[in-house]
Amino acid sequence: MTALKEVSSNRSFGGYQKVFSHDSKELGCQMNFAIYLPPQAEDGEVPVIYWLSGLTCTEQNFTTKSGVQRYASEHGIIIVVPDTSPRGCKIPGDDDSSDFGIGAGFYVDATQEPWNKNYRMFSYVTKELPEIINSNFAALEECQSIMGHSMGGHGALICALKNPGKYRSVSAFSAICNPIISKWGQKAFSGYLGSAESANWADWDATELVKGYSGPPLEILLDQGKADHNLTTELFPDNFISACKESQVPVILHMRDGYDHSYYYIASFIEEHIKHHATYLKA
Ligand SMILES: N[C@@H](CCC(=O)N[C@@H](CSC=O)C(=O)NCC(=O)O)C(=O)O
């Protein structure tokens, strides 16, 4: 069993907000994750929601800014928040920019040198981390959902679309919905996966993946601020919605007047998202 080291523990809404560190086999480095344990987890196993954060984040951003603990406590759900990339691997160039390398793992499994040894965030968040959570906490193994923001919103979509049946529901705030046509996505995919000509970028793009989705019914909730300065240059939610319609995958899109890309926006609607996931996790 993977050894966990408790980094912090704070009482919150009748439960505990904790951070643990551990050695990751997939990523070849020490990683932190945050976990909110609701009061209900003291009496038995409860469902889990994984949250994937965006560029430049650690496990702290969502944990300290979203206000999720109140709603996780109310619905009796564990919330797990991983970091956004490996850290401390000292790969040349890994801290040169905010949209590649440290803080920008993009939730893919890199195939290109020198990134392919450590940058395996997809396998980390879909396999290694759930195994750790299921074996160390009061988590209901077959009862998990996933959500995220921006790079992490896209991460949540691909984790669900590439693993039919693994998640009961998926939701995303300001997701980079079609990374193969966005600057952030093109930079990340070129570096981690190789050029568009040599690698199949479509295998890691939510808008492309949903066109071929044939798994069990999946509830997708997309949330987008209309005043988000990245909306027309990086995010492309309309492309994802059209692809869902084309492939008859049900999707709900909320467009929010005046809201931007920040955690002030996320905090305003996190309650709705937790409620949405609770419906499927408790069904
Ligand atoms: N300036 C950076 C982008 C930084 C940024 O806005 N990060 C967002 C996520 S963006 C998409 O993944 C974020 O969540 N920041 C943390 C916070 O606490 O607000 C760039 O242009 O690369």
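Residues numbered from 1 in each chain as written. Predicted model: local features only at pLDDT ≥ 70, side-chain atom pairs only at ≥ 80, totals over all residues. Heavy atoms only, no water.

- In the nomenclature of an unreviewed UniProt entry, the protein is known as S-formylglutathione hydrolase of Zootermopsis nevadensis.
- According to its UniProt record, the protein has this under Catalytic activity (unreviewed entry): "S-formylglutathione + H2O = formate + glutathione + H(+)".
- Word for word, the UniProt comment on the protein under Subcellular location (unreviewed entry) is "Cytoplasm". (UniProt positions renumbered as here; feature names shortened; annotations may be inferred.)

### Observations concerning the overall build of the protein
Step number 1: Scanning the protein from N- to C-terminus turns up nine helices and nine strands.
Step number 2: Relative to a compact globule of 283 residues, whose C-alpha radius of gyration would be 19 Å, the protein shows 17 Å and is just as compact.
Step number 3: Dimensions of the protein along its principal axes, counting C-alpha atoms only, are 50 × 40 × 35 Å.
Step number 4: Residues classed as buried in the protein amount to 58% of the 283 residues present.
Step number 5: The centroid of the 22 positive side-chain charges in the protein is displaced by 3 Å from the centroid of its 33 negative side-chain charges. (Helix = DSSP H or I, 4+ residues; strand = E, 2+ residues; numbered from the N terminus. Rg over C-alpha atoms; globule rule 2.2 N^0.38 Å. Buried < 20%, exposed > 50% of the residue type's maximum accessible area, 1.4 Å probe, protein only. Lys, Arg positive; Asp, Glu negative; His and termini not counted. Charge placed at Lys NZ, Arg CZ, Asp CG, Glu CD.)

### Notes on helix α9 (residues 263-281)
Step number 1: F269 marks the point of greatest bend in α9, at about 50°.
Step number 2: When we look at burial in α9, the residues that qualify are Y263, Y265, I266, F269, I270, H273, I274, H276, H277, A278 and L281. (Bend = angle between axes of the 7 residues up to and from the residue.)

### Observations regarding the site of the ligand
Step number 1: Taken together, 13 residues lie near the ligand, and L55, N61, K65, S98 and S150 sit nearest.
Step number 2: At a separation of 2.8 Å, an oxygen atom of the ligand approaches a polar backbone atom of L55.
Step number 3: One of the side-chain N or O atoms of K65 is found 2.6 Å from an oxygen atom in the ligand.
Step number 4: Coverage of the ligand by the protein chains reaches 72% of its 540 Å² of free accessible surface.
Step number 5: Its residues assigned to classes, the shell around the ligand shows five nonpolar, seven polar and one charged. (Near = heavy atom within 4 Å. Polar contact = N/O pair within 3.5 Å; in protein donor to acceptor, adjacent residues only side chain to side chain. Areas by Shrake-Rupley, 256 points an atom, 1.4 Å probe, with all protein chains shown as cover. Nonpolar A, V, L, I, M, F, W, Y, C, P; charged D, E, K, R; others polar.)

### Let's talk about a negative patch on the surface
Step number 1: Taken together, the side chains of E45, E131, E141 and E142 make up a negatively charged region of the molecular surface.
Step number 2: If you trace the backbone, E142 turns up in strand β6 (residues 139-149). (Patch = residues over 30% accessible without salt bridge, like charges linked within 9 Å, V, L, I, M, F, W, Y side chains within 5 Å. Salt bridge = Lys/Arg side-chain N within 4 Å of Asp/Glu carboxyl O.)

### A few points about the pattern of salt bridges
Step number 1: On inspection of all chains with the given rule, the structure shows nine salt bridges.
Step number 2: Ionic pairing is found between E26 and R120, a salt bridge with its closest N-O pair at 2.8 Å. In this pair, E26 is assigned in the loop between β2 (15-24) and β3 (29-37) and R120 in the loop between β5 (78-82) and α3 (121-136), connecting sequence segments 94 residues apart.
Step number 3: Looking at R120, the relative accessible area reads 24%, which means it is partly exposed.
Step number 4: With its nearest N and O atoms 3.0 Å apart, the salt bridge here joins D257 to K226. Of the two residues, D257 sits in the loop between β9 (251-256) and α9 while K226 sits in the loop between β8 (219-225) and α7 (231-235), which places them 31 residues apart along the sequence.
Step number 5: For D257, a relative accessible area of 59% corresponds to the exposed category.

### Notes on the packing of aromatic side chains
Two aromatic rings, taken as a pair, are described by how far apart their centres are and by the angle between their planes.
Step number 1: Applying the stated criterion to the full structure yields 17 aromatic pairs.
Step number 2: An angle of 85° between the planes, with centres 5.5 Å apart, marks the rings of F173 and Y265 as edge-to-face. Note that F173 is positioned in strand β7 (residues 169-173) and Y265 in helix α9, a separation of 92 residues in sequence. Both residues of the pair, F173 and Y265, belong to the buried class.
Step number 3: Cluster of aromatic residues (ring-pair linked, three or more members): W51, F62, F173, Y259, Y265 and F269.
Step number 4: We note R256 situated over the ring of F269; from NZ or CZ to the ring centre the distance is 3.7 Å. (Phe/Tyr/Trp six-rings, centres within 6.5 Å; stacked < 30°, edge-to-face > 60°. Lys NZ or Arg CZ within 6 Å of the ring centre and 35° of its normal.)

### Remarks on the sheet that holds β8
Step number 1: Judged by pairing direction, the sheet is mixed, and its nine strands sit side by side in the order β1-β2-β3-β5-β4-β6-β7-β8-β9 without closing on themselves. Where the open sheet ends on each side, the last strands, each with one partner, are β1 (5-12) and β9. Direction aside, the axes of adjacent strands within the sheet are offset by 20° on average.
Step number 2: By the bridge criterion, nine bridges tie β2 to β3 in an arrangement that is antiparallel. Looking across to β3, one finds that K18 is bridged to I35.
Step number 3: Against the sheet, helix α8 (residues 237-246) touches β8 and β9, its axis set at about 155° to β8. (Pairing = 2+ DSSP bridges. Axes fitted to C-alpha atoms, helices over the stretch in contact; angles between N-to-C directions. Contact = heavy atoms within 4.5 Å.)

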